[in-house]
Amino acid sequence: MTRTAVVGAGIVGLAAAHALRARGADVTLYESGPPGSGQSAGQGRIFRHAHEDPRLVALVARSRALWREWEEEFGVELVSPDGAVAIGDGVEDKLRALEPFEDVPVRRLPPEELHERLPLLADWTGPAMLDVRGGAIRTLAAVAALSRRLEGSMLREHVLAVRRTGTGAVEVRTGTTCETYDHVVLCAGRGTAPLARGAGLDLPVEVGAHVRLTFALAPDGPALHGPVPDGAPSGVARGLPTFQDGSGAFGETGVYAAPYPDGRHFSVGLSADTPAHPDGGLADPAALAALADRTVSYVRRALPGLDPRPVDHVHCWVTRLPWGDDGVGIWSEDGLTALTGHNLFKQAPALGEALAGTVLTGTVPGHLHHGERLGRSAG
């Protein structure tokens, strides 16, 4: 039996530990804080299929199938059935990118149906699309379900160092423990690159800080109405879809939003962050406040169905690879595996499966080896 440590109990670390246990490995999961409280924090994430790199589309489609398997295994809804809406000139590119994938149904949305599905949105008659099997990931439900399964394997300790011993084992040192393992998997968010560097793996991670705001539905806003989700049985109430705005028509591009499970709150963020120094300090702490102000201004212009006074903030670190905002990669050698990238929550089930395969076979599967530059931007 392979004795394995997974460092980090965000959604990817939880998925990796779960997949390893399912394949018979002896797993210890290290996490210093509440599971899912770092880069996985918040009550909702967007599940979407559209990406520039078709290899990443295939990985996301695999992940969507695994999310459904998790729903059956845990007996809880983990991705809402209400779809993912996108607007802007990039819609046509997204539709072309998804056309080869028969198991990813997408279609254009006429203005009338867009308004029915997303009555929070200001008038928009430009390009719009629906990713039918997209939706809002129930992040808290997913983290809780995985944490319950792994409760007996979780060690609440902060990992200070990881190193190869030279005898084929890998050592993990925490504040109060020192253990060796056959294999160690690093899924520690911003902490992954420093831990990997100490063990001889150099990951080209760029770190920044990001803010996401939550808004309540406006008391005098439009009533939620319209068609039920595509393919849903009769009698199922429709909720809000997730939303991406690349139009620039409302003053921002790269906007994303996801409903909370209660259906009465919407989390909105800009695809922007403020960079950090190599020592981990923010280059400009005031820039986070500026991003929050821009988000509020966008909501006033674009989403009049929301009360523009934020009721909640999520601040988190962002870890990007140099080849693209959706870049992801696995580094693995001599008993140590590290994964890093950005926008990984939706891919967690497939990434967990891939990390388990890497540990047990010694080979990084598919295109996830960092040399493949999975998720690279066009051009």
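First, a word on scope: everything that follows refers to the structure included in this document. Small disclaimer: the values here were computed from a predicted structure and weren't measured.

What follows concerns the packing of aromatic side chains. Taken as a whole and assessed by the stated rule, the structure comprises 6 aromatic pairs. Relative to F74, the ring of W70 has its centre 6.1 Å away and its plane inclined at 50°; by these criteria the two rings are tilted. Of this pair, W70 and F74 both sit in helix α2 (residues 54-74), separated by 4 residues, roughly a single helical turn. W70 gets classed as buried once you look at its relative accessible area, which sits at 8%. Taking relative accessible area as the criterion, F74 reaches 15% and is therefore assigned buried. Here R64 stacks its cationic end above the ring of F47, 5.6 Å away from the centre of that ring. Note that R190 overlies the ring of W317, its terminal NZ or CZ placed 4.0 Å from the centroid.

Looking now at the sheet that holds strand β12 (residues 183-186). Reading across from one edge, β8-β2-β1-β12-β20-β19 is the order of the 6 strands in this open sheet, with mixed pairing throughout. A strand with exactly one partner marks an edge of an open sheet, and here the two such strands are β8 (154-155) and β19 (328-333). As paired elements, strand β1 (residues 3-7) and β12 share 4 bridges and run parallel to each other. Within β12, the residue paired with V7 across the bridge is L186. Strand contacts of helix α8 (residues 348-361): β1, β12, β19 and β20 (336-341), with the helix running at about 15° to β19, the strand carrying the most contacts.

What follows deals with the side chain of R212. Structurally, R212 is set in strand β13 (residues 206-216). Among buried charged residues, R212 stands out as having no salt bridge; its nearest opposite-charge side chain is D312, 8.6 Å away. Among the polar contacts listed, one links the side chain of R212 to the backbone oxygen of A41, at a separation of 2.7 Å. The residues touching R212, leaving out its near neighbours within four places in the chain, are A41, G42, R45, Y256, S267, V268, G269, D312, H313, V314 and C316.

This brings us to the pairing of strand β10 (residues 170-174). Most of β10 sits inside the fold, with 4 of its 5 residues counted as buried. Pairing analysis gives 5 bridges linking strand β9 (residues 159-164) to β10, with the strands arranged antiparallel. Residue pairing across strands places R163 opposite E171, the latter belonging to β10. The hairpin formed by β9 and β10 contains 5 residues between the paired strands, and G166 there has a positive phi angle of roughly 90°. Sheet topology note: the β10/strand β11 (residues 178-181) ladder contains 4 bridges and is antiparallel. Considered in β11, the bridge of R173 is made with C178.

Attention shifts here to the nonpolar core. Membership of the largest hydrophobic core comes to 47 residues, with the highest contact counts inside it found for V12, W67 and L368. Contributions of two or more residues to this core are made by α1 (11-22), β2 (26-30), α2, α5 (139-149), β19 and α8. Here the element with the most residues in this core is α1; it accounts for 8 residues. In this view, L368 contacts L59, V328, G329, I330, L351, A354 and L374; residues no more than four positions away in its chain are not counted.

So, on to empty space enclosed by the protein. Overall, the coordinates contain 1 cavity of 30 Å³ or more when judged by the stated rule. Taken as a whole, the largest cavity encloses approximately 60 Å³ of empty space. In terms of lining residues, the largest cavity is bounded by R48, H49, A50, A84, V85, A86, K94, M129, D131 and Q244. For the lining of the largest cavity, the secondary-structure elements that each account for two or more residues are β4 (84-87) and β6 (128-131). Ranked by the residues each element gives to the lining of the largest cavity, the list is headed by β4, at 3 residues. Here the residues of the lining of the largest cavity are counted per class, giving 5 nonpolar, 2 polar and 3 charged. For the lining of the largest cavity, the domains that each give at least three residues are domain 1 (1-79 + 138-204 + 321-378) and domain 2 (84-132 + 206-319).

Let us look at the pattern of salt bridges. Under the defined criterion, the tally for this structure stands at 19 salt bridges. The salt bridge partner of D202 is R197, with a shortest N-O separation of 4.0 Å. We classify D202 as exposed; its relative accessible area is 58%. A single salt-bridge network, built from bridges that share partners, covers D53, R55 and E372.

The rules behind the values
Residues numbered from 1 in each chain as written. Predicted model: local features only at pLDDT ≥ 70, side-chain atom pairs only at ≥ 80, totals over all residues. Heavy atoms only, no water. Phe/Tyr/Trp six-rings, centres within 6.5 Å; stacked < 30°, edge-to-face > 60°. Helix = DSSP H or I, 4+ residues; strand = E, 2+ residues; numbered from the N terminus. Buried < 20%, exposed > 50% of the residue type's maximum accessible area, 1.4 Å probe, protein only. Lys NZ or Arg CZ within 6 Å of the ring centre and 35° of its normal. Pairing = 2+ DSSP bridges. Contact = heavy atoms within 4.5 Å. Axes fitted to C-alpha atoms, helices over the stretch in contact; angles between N-to-C directions. Lys, Arg positive; Asp, Glu negative; His and termini not counted. Salt bridge = Lys/Arg side-chain N within 4 Å of Asp/Glu carboxyl O. Polar contact = N/O pair within 3.5 Å; in protein donor to acceptor, adjacent residues only side chain to side chain. Core = buried A, V, L, I, M, F, W, Y, C linked by side-chain atoms within 4.5 Å. 1 Å grid on protein atoms, 1.4 Å probe; cavity = no way out; pocket = protein on both sides within 12 Å on 5 of 7 lines; lining within 4 Å. Points joined across faces, edges and corners; volume = space filled by probe spheres on them. Nonpolar A, V, L, I, M, F, W, Y, C, P; charged D, E, K, R; others polar. Domains from an automatic or database assignment.

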